[in-house]
Amino acid sequence: MSRQDVLGAWHDHLALGLRRSPHTVRAYHKAAERLLSRLDLQEFDQVAELSAGELRTHLASRRSDGLSNASAARELSALKSFIGFARAQAGHEQTDAPRMRGPRLKKGLPRPVTPDDAMGLAETVEELAADGWVGARDRAVLLLLYGAGMRISEALSLKGSDLPLCETLTVTGKGNKQRVVPLLPLVRDAVATYAKQCPWPLGSEDPLFRGVKGGVLSQGVVQKATARARRALGLPDTATPHALRHSFATHLLGAGADLRSLQELLGHASLGSTQIYTKVDAASLLDTYRNAHPRERED
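Everything quoted here is computed from the prediction, not taken from an experiment.

Let's shift gears to the overall build of the protein. Helix and strand content of the protein: 13 helices and 2 strands. For the protein, contacts bridging at least 24 residues in sequence account for 62% of all contacts bridging at least 6.

This is the structure we're talking about:
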């Protein structure tokens, strides 16, 4: 097997096996290509035998090329996945990559999705679900996050007694702090559609959102459904359920909402927590400028 064969198998695993987005496939493929080239590796067996020290040395050389902490962390993640894949291909029983800590990263700004992508996620989780009522359930949950700015834990804590939903809903958030959130007709209709299809009883004390066996729906199930949807749509890994709450806040701020009102809608204890969205909005404006300004596009 040649180096190109190894890279081709890795590419197919990412694109076809894991259905990663084109951007992720390109980045992970390029990271593997650099590793093979710099260490002169040709076979899966050689990659499988790499030690943490060899991986650390390779990343140190990449850092000397001017790689930032964030880029180095992404490269480490890509290479760990590649080494794990190589070990599986080489027939190793232990397929975990060498243990190695990545660089410390500063807490970044939330990354909102566009309104179209937010709605696309909600529609796609419904389309990809194995059962109709499960799809209606997942769509309703995501619309509560994007349409009402709820935390996923808040949405999953709703009970049958909250039905039927009205124009406003009282939610208990962090620290048992209660707030009132407005509900768009689209959101109310989505929850009502799910409730009609749900095969489990929705008594006043029963959880509103149920798992396939009738228990409380877990956050992990919603996160996995969202991950499948974002891969199908080619969205980045940052398009998570929590990103929908960020998107709710960012889009309202961009439309002219004031910080105090946004603080109440999000249930933040302090205005400082809400002020981060002013930075998010400024960051999105800067991205737009960089992508659109002719001087920025000259290369």
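For the rest of this paragraph, the subject is the packing of aromatic side chains. Evaluated as defined, the whole model comprises 5 aromatic pairs. Look at Trp10 and Phe85: their rings are 5.4 Å apart centre to centre, the planes differ by 40 degrees, and that puts the pair in the tilted class. Here Phe85 lies in helix α5 (residues 69–89) and Trp10 lies in helix α1 (residues 3–17), a separation of 75 residues in the sequence. For Trp10, a relative accessible area of 1% corresponds to the buried category.

We now examine the packing of helix α6 (residues 115–128) against helix α10 (residues 219–233). One can describe the packing of α6 onto α10 by two numbers: an axis separation of 9 Å at closest approach and a directional angle of 105 degrees. Relative to α10, the element α6 lies roughly perpendicular. Here Gly120, Leu121, Thr124, Val125 and Leu128 of α6 come into contact with α10, specifically with Ala225, Thr226, Arg228, Ala229, Arg230, Ala232 and Leu233. Classifying every residue of the contact of α6 with α10 by side-chain character gives 7 nonpolar, 3 polar and 2 charged.

Before going further, it helps to examine the pattern of salt bridges. Scanning the entire structure with this criterion turns up 10 salt bridges. Arg139 is the salt-bridge partner of Glu123, the closest N and O atoms lying 3.2 Å from each other. Placement of the pair is Glu123 in helix α6 and Arg139 in helix α7 (residues 132–148), with a sequence separation of 16 residues. Owing to a relative accessible area of 28%, Glu123 belongs among the partly exposed residues under this scheme.

Spanning 17 residues, α7 covers 24 Å between terminal C-alpha atoms, matching the ideal 24 Å at 1.5 Å per step. Extensive coverage of α7 is indicated by the burial of 16 of its 17 residues. Its side-chain oxygen at 3.3 Å from the backbone nitrogen of Trp133, Asp131 defines the N-terminal cap of α7. Among the residues trailing α7, Gly149 stands out with phi positive, at a value near 70 degrees.

What follows is about the environment of Ala232. Relative to the helices and strands, Ala232 resides in helix α10. A relative accessible area of 38% places Ala232 in the partly exposed class. Through-space distance from the C-alpha of Ala232 to that of Leu121 is 9.3 Å; in sequence the pair is 111 residues apart. If we ignore the near neighbours within four places in the chain, the residues touching Ala232 are Arg19, Thr124 and Leu128.

Reading the values: rules and limits
- Residues numbered from 1 in each chain as written.
- Predicted model: local features only at pLDDT ≥ 70, side-chain atom pairs only at ≥ 80, totals over all residues.
- Heavy atoms only, no water.
- Helix = DSSP H or I, 4+ residues; strand = E, 2+ residues; numbered from the N terminus.
- Contact = heavy atoms within 4.5 Å.
- Phe/Tyr/Trp six-rings, centres within 6.5 Å; stacked < 30°, edge-to-face > 60°.
- Buried < 20%, exposed > 50% of the residue type's maximum accessible area, 1.4 Å probe, protein only.
- Axes fitted to C-alpha atoms, helices over the stretch in contact; angles between N-to-C directions.
- Parallel < 35°, antiparallel > 145°, perpendicular 65-115°, else oblique.
- Nonpolar A, V, L, I, M, F, W, Y, C, P; charged D, E, K, R; others polar.
- Salt bridge = Lys/Arg side-chain N within 4 Å of Asp/Glu carboxyl O.
- Expected span 1.5 Å × (residues − 1).
- Polar contact = N/O pair within 3.5 Å; in protein donor to acceptor, adjacent residues only side chain to side chain.

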